[in-house]
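Report on the structure
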Amino acid sequence: MPWSPTVSMHYVAAAQIGVAASLPIEMLEEKLAYMACGFVGAVISLGFAKYPNVWHRLIALIAGAASGILLAPLVRSYLALSSDEAYAMAMALGLVSMPLLGGAHALAMRWRKDPLQVIETLRGGGKK
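Description of the structure in this document. Because the structure is predicted, anything quoted here is derived from the model rather than measured.

Parameters and conventions
- Residues numbered from 1 in each chain as written.
- Predicted model: local features only at pLDDT ≥ 70, side-chain atom pairs only at ≥ 80, totals over all residues.
- Heavy atoms only, no water.
- Core = buried A, V, L, I, M, F, W, Y, C linked by side-chain atoms within 4.5 Å.
- Buried < 20%, exposed > 50% of the residue type's maximum accessible area, 1.4 Å probe, protein only.
- Helix = DSSP H or I, 4+ residues; strand = E, 2+ residues; numbered from the N terminus.
- Salt bridge = Lys/Arg side-chain N within 4 Å of Asp/Glu carboxyl O.

Some thoughts on the nonpolar core
Residues Tyr 34, Cys 37, Ala 72, Ala 86, Ala 90 and Leu 93 constitute the largest nonpolar core, which totals 6 residues. For this core, the secondary-structure elements that each account for two or more residues are α2 (25–48) and α4 (83–113). Here this core gets 3 residues from one element, more than from any other, and that element is α4.

Below, the structure written as structure tokens:
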């Protein structure tokens, strides 16, 4: 099979599953708790943000759970938070995950169109 980004992603996903399967049960429970907190934050965000259809709501829930499981451990280690504080941070990340993803997408589209203007805007000298 020739190399392609899709093939590479499948290998990375398989490696991640293998790593996750060999983790101690305590670590798996902690990751599931982060995911649950992110999911709860995303559910709360559904009350504030108006998503146009069911698919956008579903993506918001998935993004909230993913941000809880992926970003909360990074924030916990960076800020040296306790477990309880990290779970609250996971919920907050789930709460703001869709606006963050939307902002990242808008920034990427602007970068694609005119990278120099994006750099100037980020520095504070360009159009807002």
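From this point on, the discussion continues.
A look at the pattern of salt bridges
Under the defined criterion, the tally for this structure stands at 1 salt bridge. The residue Glu 30 makes a salt bridge to Arg 76 at a minimum N-O spacing of 2.5 Å. Residue Glu 30 is located in helix α2, and its partner Arg 76 is located in helix α3 (residues 54–79); the two are separated by 46 residues in the primary sequence. Note on Arg 76: relative accessible area 22%, which makes it partly exposed.

Everything listed here is a matter of geometry and, on its own, says nothing about what the molecule does.
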